[in-house]
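Per-entry structural report
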Protein chains: 2
Amino acid sequence: MVPLIPVSVDLVVLTVRGQALSALVWRRDNPPYEGHWALSGGFIQLDEDLPAAAARVLAERAGLPGAPVHLEQLQTYGYPDRDPRRRVLSVAYLGLAPDLPASTEAHMSWQPVEELTAMAFDHRRIMMDGVERARSKLEYTSLGAAFCPPEFTVAELRRVYEIVWGRLLDPRNFHRKVTNAEGFLIPTGRTTTRDGGRPAKLYRRGPAENLHPPMLRPRD
Amino acid sequence: MVPLIPVSVDLVVLTVRGQALSALVWRRDNPPYEGHWALSGGFIQLDEDLPAAAARVLAERAGLPGAPVHLEQLQTYGYPDRDPRRRVLSVAYLGLAPDLPASTEAHMSWQPVEELTAMAFDHRRIMMDGVERARSKLEYTSLGAAFCPPEFTVAELRRVYEIVWGRLLDPRNFHRKVTNAEGFLIPTGRTTTRDGGRPAKLYRRGPAENLHPPMLRPRD
DNA sequence: CCAAAAGTGTTTGGCGTACACCCATGG
DNA sequence: CCATGGGTGTACGCCAAACACTTTTGG
C-alpha cells in the first residue's frame, strides 16, 4: 500500500586547501560509474535521525570521525532514475571542514571542485548546489571560519573568502569588516609571523552565527 | 539489508488574506492528533519525482489543481518518532499562493499562522520553517508577487510585504524600490481605483527571479 | 636599510530613510 | 472642495570602496 524507498545520506564536504576549493570524494571501483568520483554516502537506518546518519557517514565512510566539520542539510534529490539500479532517495548534507588530511583507509581524497567534471550519478549537481550554498553562507553567516584551523589570522580568513568566491578582496576593508562584526572573531592575544611581515593577531571563532551587517560578495 | 522507509511530501501553502499570513490546513478527524490542524501531504509513489509528488498533493489533497502556486523544496524531516505509528520521512515543500478559495471538498481551510498553535505531528515546526523561508525569500527574490492576483497595484504588493514581515513600510520608498528593480514589475497600462484615491497603475509579475538590489526588511 | 605584510585614517560616492510636496480621483 | 491614496523630489546620514599612510617584523 505505502511505497517503501531506500534513503541515503550523501555528504558534500568542502575545504580550502592550497589555492582551490576542494571536495572530499572517492573513486568508484565498481559499476555503475566505475572510475568516476563520488561523494561519500550511506543508507539511513530505521531508528536513525537524519543528522545522526550524516555524522555516522562522516565518521565511517568519509573517514573523518570527530573532526570539527559543520554539517547542515542541503537538499533532497529524488528523481526515480538517479541510480540506474534502483530508486534511491538522497538527502544531501553540506559539510565545511578545515584542511584536514583525507583518510587513505577510507580511500577518500580532496579534489579541486573545478577538476571534478566526471562524477557518478548526479553527484556533480549535488556538489555544485553545495558549493553555491557555501558561497552564499559566507555572506551572511560566520561559517567562513569553519574552513580555518582553531586559531587563524584575518589574512587566512580572507584567503578563504577569496578562494571560495573566486575573487580578490581589499585586505584593509576586509580586516575592518570582520574585526568590527559583533561576535565573529575572538582575539587570543597571541600573534604569528607564519605569513611573513608584521606579526598578525590570532583569533578564534566567535559565538555569532549570523553576520550583521552581512559581508556581501562583489558582483559584476 | 537496505532499510526501506515510507516517504511523504507535506505542503506548507501560504497566502495573504485579510490582514493575516495564512496557511492551508485541514482538521484531523482520526487519531493520532484527532482535532488538530495538519498540513496536506501524501506518500510519494515509486515512479514519481519529488516535484511531481508535490504537484499531485497540491492538486489532489490540498484541492488546488492547476492553481498558480509557486512550489519549492523546503527541508526534509526525519527523526524516527515524528509519527507515533511508524517512521515516516517527510520532504516538505513551500507553496506561495494568491488568495484563492480553499477547497471545501478536500476539507481544507485557510487559518492565520499565528492562530495555528495546536498542530499535528511536527507540522507546527515545519510550517514555521516555511514562514521564515517565505520572509527571507521576499528580501532577495521577486516572489512577493506570487501572493498577488495576476494584476496588482504597488500598494497591494506592499501590503503583502507588510503582512508577511509584520511591519509597516514607507509607501513612497517602497514604490520607488519595486518600480526601479529591473524585471520585477511589468506595467499593463491599466489603472484601478479599487483602493480609493488617485487611480493606481496595474502591474504583472516580471521575469526577474532575483532582486538586485535586495529589498532588505527593517530589523530592530 | 629594505621588503613584506598588518593594521589605521581619510576621502568620497552611492544608497536607503525620512519627509515635504504634488497629482488624480470619489463623494 | 475636501478626503484619500498614488506618485515624485530632495536632504541627510551611514556605510563601504578606494587608497595613502604608519607599524612591526625578517633578512
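The rules behind the values
Residues numbered from 1 in each chain as written. Chains lettered and ligands numbered in written order. Predicted model: local features only at pLDDT ≥ 70, side-chain atom pairs only at ≥ 80, totals over all residues. Heavy atoms only, no water. UniProt positions renumbered as here; feature names shortened; annotations may be inferred. Helix = DSSP H or I, 4+ residues; strand = E, 2+ residues; numbered from the N terminus. Near = heavy atom within 4 Å. Polar contact = N/O pair within 3.5 Å; in protein donor to acceptor, adjacent residues only side chain to side chain. Salt bridge = Lys/Arg side-chain N within 4 Å of Asp/Glu carboxyl O. Buried < 20%, exposed > 50% of the residue type's maximum accessible area, 1.4 Å probe, protein only. Domains from an automatic or database assignment. Contact = heavy atoms within 4.5 Å. Buried area = accessible area lost by both parts, 1.4 Å probe. Nonpolar A, V, L, I, M, F, W, Y, C, P; charged D, E, K, R; others polar.

1. Some thoughts on the UniProt feature "domain: Nudix hydrolase" (unreviewed entry) in chain A
- According to UniProt, the positions carrying the feature "domain: Nudix hydrolase" (unreviewed entry) are residues 3–133 of chain A.
- For residues 3–133 of chain A, helix accounts for 17% and strand for 37%, while the C-alpha atoms at its two ends are 32 Å apart.

2. So, the protein's contact with DNA strand D
- The full set close to DNA strand D counts 21 residues, and Asn173(A), Arg198(A), Ala155(B), Arg172(B) and Arg198(B) are the nearest of them.
- Sugar and phosphate atoms form 52% of the subset of DNA strand D atoms that lie within 4 Å of the protein.
- Here a base nitrogen of DNA strand D and a side-chain polar atom of Asn173(A) are 3.0 Å apart.
- In this structure, Lys201(B) approaches DNA strand D through a main-chain N or O atom, which is 3.0 Å from a phosphate oxygen.
- Looking at which element gives the most residues to the surface near DNA strand D, the answer is helix H4 (residues 171–180) of chain A, with 4 residues.

3. Examining the pattern of salt bridges
All names here are of chain A.
- In this structure the tally under the stated criterion is 30 salt bridges over all chains.
- The closest approach of N and O atoms between Asp 122 and Arg 82, which form a salt bridge, is 2.8 Å. With a gap of 40 residues between them, Asp 122 in the loop between strand S7 (109–112) and helix H2 (123–140) and Arg 82 in the loop between strand S5 (70–77) and strand S6 (89–96) connect regions that are remote in the sequence.
- Overall, Asp 122 belongs to the buried group, its relative accessible area being 9%.
- Assessed through its relative accessible area of 8%, Arg 82 is described here as buried.
- Across the pair Glu 162 and Arg 158 runs a salt bridge, and its minimum N-O distance is 3.4 Å. Taken together, the residues span about one helical turn, with Glu 162 and Arg 158 both in helix H3 (residues 154–165) at a distance of 4 residues.
- Among the charged side chains, a salt-bridge network with shared partners connects Glu 48, Arg 56 and Glu 60.

4. Examining the domain arrangement of chain A
All names here are of chain A.
- Along its sequence, chain A is organised into domain 1 (7–123) and domain 2 (140–205).
- With 13 residues of domain 1 at the interface, the matching set in domain 2 holds 8 residues.
- For the pair domain 1 and domain 2, the summed buried area comes to about 800 Å², and 78% of that belongs to carbon and sulfur atoms.
- Among the residues domain 1 hides against domain 2, the three largest losses belong to Val 16, Leu 21 and Leu 96. Together they make up 54% of the total.
- Applying the counting rule to domain 1 against domain 2 returns 0 salt bridges.
- Taken together, the connections running from domain 1 to domain 2 amount to 0 residue pairs in polar contact (both at pLDDT 80 or more).
- Looking at the side of domain 1 that touches domain 2, the elements with two or more residues in it are strand S1 (4–17), strand S2 (20–27) and S5.
- Of the residues forming the side of domain 1 that touches domain 2, the biggest block, 3 residues, is contributed by S1.
- Considering only residue class, the side of domain 1 that touches domain 2 consists of 7 nonpolar, 4 polar and 2 charged.

5. Overview of the protein's contact with DNA strand C
- Close contacts around DNA strand C come from 21 residues, with Ala155(A), Arg198(A), Lys201(A), Asn173(B) and Arg198(B) the closest.
- Here DNA strand C approaches the protein such that, of its atoms within 4 Å, sugar and phosphate make up 55%.
- Between a phosphate oxygen of DNA strand C and a main-chain N or O atom of Lys201(A), the distance comes to 2.9 Å.
- Lys177(B) is positioned such that a nitrogen or oxygen atom in its side chain is 3.1 Å from a phosphate oxygen of DNA strand C.
- Counting only elements with at least two residues in the surface near DNA strand C, the list comes to H3, H4 and strand S9 (200–205) of chain A together with helix H4 (171–180) of chain B.
- No other element matches H4(B), which puts 4 residues into the surface near DNA strand C.
- The class makeup of the residues in the surface near DNA strand C is 5 nonpolar, 5 polar and 11 charged.

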